[in-house]
Amino acid sequence: MAPIKNICCIGAGYVGGPTCAVIAYKCHDIKVTICDINAQRIEAWMSDKLPIYEPGLDEVVFSRRGKNLFFSTDVDKHIQEADLIFVSVNTPTKKKGLGAGMAADLAYVEAATRRIAQVSTSSKIVVEKSTVPCRTAESMRAILEANCTANVKFDILSNPEFLAEGTAISDLFNPDRVLIGSLQTESGKVAQQTLADVYANWIPRENIITTNLWSSELSKLAANALLAQRISSINALSAVCEATGADVDEVAYACGRDTRIGSKFLKASVGFGGSCFQKDILNLVYLSTQLNLPEVAEYWKQVYTMNEYQKNRFTRNIISTLFNTITNKKIAVLGFAFKKDTGDTRESAAITLIKSFMEENARVAIYDPKVEAEQIYLDLTEPGVVDNRKQVEKCIEICGSAYEAAKDADALVVVTEWDEFRQLDYNRIYKDMHKPAFVFDGRLMLDAPKLRDIGFKVHVIGKNPLEGRA
Ligand code: NAI
């Protein structure tokens, strides 16, 4: 097969945008066009203020945009021109119907696939980049074959994305591995090699893994389930630590030094968020149930349940520490994004926490360095959180700094691990807060002994709150 010259990416989101921008950056002789039906998003990709915040992304996009990197809403035209198409659309958890709350909603994948079939006038490689349930490629193939014009052939590959938001660009420059799954047919294997050749422009061949289609699809769900499982495991242990006087950071360090366990992803916290972990675990749970494997489904479900427990446990601890009521008290929430170095708020623990604070009639002051105020209102007025915008506006205040949020607050709650929260002038914050001034560190990131010396009452997940008292 001839080398790829023209790539179209359907979906200009957190994955499609950075992934294909990096391909354009690393392969100057490939024309890459990233398409989306959301005109506002495409406009932002073409402006000075990109629609997503990722360290290093601006440089990559600005250096190739208009040369071999383009953004467009004309999806059909770019499907037609492409040799290879990445399908990188959203696959959220289904909100209603069969499998609601568990199964992946594949409507966007299906719509994109039908479009490819309808408008293609030449053969193409179609790549699943979205995270999908195992055997989705089979449905895509059926749709493509049933709807294409004569003499047009499609090879389907699975190439799940393993980047992490916040470090997307360095992950894409230097991935632990790239995974490409194909049907084990002659033409499937050729297509697999053709995509491998694109990545080989900057990634060592030994880091490009090739498997069958179903292994590749399942590996993405499995990888996210295993990562989330580690977080839920250490979070479960954090509750035991608080009850016994063990220190969860010390336990994680001691366990992580065992090379069979390893040190990464063993940081206790208020719970994982983000668009992927919860969705992909629930997806795996649903898949296992469908495959009549109830014990397997129950096993993975527990990872999700533990995450919900951790968020609720943290909230309950805040309320009980503040003398069992937070009504009319001011709670300063530091961080709203689901993790540092991203403006993404999908499934952020902050949303669950703030919802509980609002239900208890607290006043909530929020500061996040990257999340726009409008996004916070949108998240907090989502159906299922608090439906009424006016009610939300009455309860919350969005602040321009941590100092503004902390002024006259009864408690400071750290939800996102932004580096700048370590550098704050805590003497100033202490002076401005109501006394006793409580700090709840949901990310185990602040210098608790120093804060206690200032006068704060400090509660850290996985650590005994009495620690440090004479
Ligand atoms: P996103 O929601 O940021 O972007 C998806 C984009 O696809 C949206 O802008 C939407 O307008 C567009 N779209 C939907 N249907 C379309 C169509 N028919 N034609 C053109 N555009 C269409 O989603 P994100 O975060 O980029 O995720 C995409 C996929 O990648 C999901 O399956 C996700 O699970 C997976 N993934 C996400 C990661 C992350 O860190 N966000 C990491 C690895 C995988």
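Residues numbered from 1 in each chain as written. Predicted model: local features only at pLDDT ≥ 70, side-chain atom pairs only at ≥ 80, totals over all residues. Heavy atoms only, no water.

Quick reminder of the rule: UniProt positions are given in the numbering used here, feature names are shortened, and annotations may be inferred rather than shown by experiment.
With an unreviewed UniProt entry as reference, the protein chain is termed UDP-glucose 6-dehydrogenase, source organism Mucor flavus. The Catalytic activity (unreviewed entry) field of the UniProt record for the protein chain holds the comment "UDP-alpha-D-glucose + 2 NAD(+) + H2O = UDP-alpha-D-glucuronate + 2 NADH + 3 H(+)".

**As for the nonpolar core**
We apply this condition: What we call a nonpolar core is a set of buried Ala, Val, Leu, Ile, Met, Phe, Trp, Tyr and Cys residues that are connected through their side-chain atoms within 4.5 Å. Burial here depends on accessible area, computed with a 1.4 Å probe over protein chains only, as a share of the maximum for the residue type. Under 20% is buried, over 50% is exposed, and the range in between is partly exposed. A run of DSSP states H or I qualifies as a helix once it reaches four residues; a run of E qualifies as a strand once it reaches two. Both are numbered from the N-terminal end. Contacts are residue-level and defined by heavy atoms, with any inter-residue pair within 4.5 Å sufficient.
Counting 68 residues, the largest nonpolar core has Ile354, Leu380, Ile396, Tyr426 and Phe456 as the members making the most contacts within it. By residue number, the principal contributor to this core is helix 13 (residues 349-359), which donates seven residues. If sequence neighbours within four positions are ignored, Ile396 has contacts with Ile354, Met358, Val364, Ile366, Ile376, Tyr377 and Leu380. Residues Val22, Ile30, Phe86 and Val178 belong to the second largest nonpolar core, which totals 42 residues.

**What about the site of the ligand?**
Formally: We call a residue near a molecule or strand whenever a single non-hydrogen atom of that residue lies within 4 Å of it. Polar contact is the term for a pair of N or O atoms within 3.5 Å; when the atoms are in protein, one must be able to donate a hydrogen and the other to accept it, and sequence-neighboring residues count only if both atoms are side-chain atoms. Exposure was quantified through the Shrake-Rupley algorithm and a 1.4 Å probe, taking into account, for residues, occlusion by the shown protein chains and nothing else. Gly falls in the polar group here, along with every residue not listed as nonpolar (Ala, Val, Leu, Ile, Met, Phe, Trp, Tyr, Cys, Pro) or charged (Asp, Glu, Lys, Arg).
If you check the shell around the ligand, you find 24 residues, and the closest are Asp36, Arg41, Thr91, Glu165 and Lys279. Within the backbone of Thr131, an N or O atom sits 2.9 Å from an oxygen atom of the ligand. Arg346 places a polar side-chain atom, nitrogen or oxygen, 2.8 Å from an oxygen atom of the ligand. In isolation the ligand exposes 830 Å². Once the protein is present, 91% of that is buried. Looking at the shell around the ligand, its residues break down into eight nonpolar, nine polar and seven charged.

**Quick notes on the packing of helix 5 (residues 107-119) against helix 6 (residues 136-147)**
Rules: Convention adopted: a line fitted to C-alpha atoms gives each axis, helices being fitted over their contacting stretch, and angles between N-to-C directions are expressed from 0 to 180 degrees. Roughly parallel here means an angle under 35 degrees, roughly antiparallel means over 145, roughly perpendicular means 65 to 115, and every remaining angle is called oblique. Note on convention: the crossing is left-handed when the near helix lies turned anticlockwise from the far helix by less than a right angle, right-handed when the turn is clockwise.
The N-to-C vectors of helix 5 and helix 6 enclose an angle of 30°; their axes lie 8 Å apart at closest approach. On the basis of the axis angle, helix 5 is roughly parallel to helix 6. Of the two possible hands of crossing, helix 5 and helix 6 adopt the one that is right-handed. Within the contact between the two elements, helix 5 uses Val109, Glu110, Thr113, Arg114, Ile116, Ala117 and Gln118 and helix 6 uses Met140, Ile143, Leu144 and Asn147. Of the residues that constitute the contact of helix 5 with helix 6, the class distribution is six nonpolar, three polar and two charged.

**What to know about the sheet that holds strand 3 (residues 69-72)**
Keep this limit in mind: The criterion for strand pairing is that DSSP finds at least two bridges linking the strands in question.
If you trace the eight strands from one edge of the open sheet to the other, you get 3-2-1-4-5-6-7-8, paired in mixed fashion. In this open sheet, the two strands that pair with only one neighbour each are strand 3 and strand 8 (208-212). Neighbour-to-neighbour, the strand axes of the sheet open up by a mean angle of 25°, direction not taken into account. Bridge analysis of strand 1 (residues 6-10) against strand 2 (residues 31-35) gives five bridges, and the strand direction is parallel. Opposite Ile10, over in strand 2, you have Cys35 as the bridge partner. Sheet strands touched by helix 9 (residues 213-244): strand 5 (124-128), strand 6 (154-158), strand 7 (178-182) and strand 8. Its angle to strand 8, the strand with the most contacts, is close to 115°.

**So, the packing of helix 9 against helix 12 (residues 294-321)**
Packing of helix 9 against helix 12 leaves a shortest axis separation of 9 Å and a crossing angle of 45°. The orientation of helix 9 with respect to helix 12, classified from their angle, is oblique. Between helix 9 and helix 12 lies a crossing whose hand is left-handed. Here Ala225, Leu226, Ala228, Gln229, Ser232, Asn235, Ala236, Ser238, Ala239 and Glu242 of helix 9 lie close against helix 12, whose contacting residues are Tyr299, Trp300, Val303, Met306, Asn307, Tyr309, Gln310 and Arg313. A per-class count over the contact of helix 9 with helix 12 returns 10 nonpolar, six polar and two charged.

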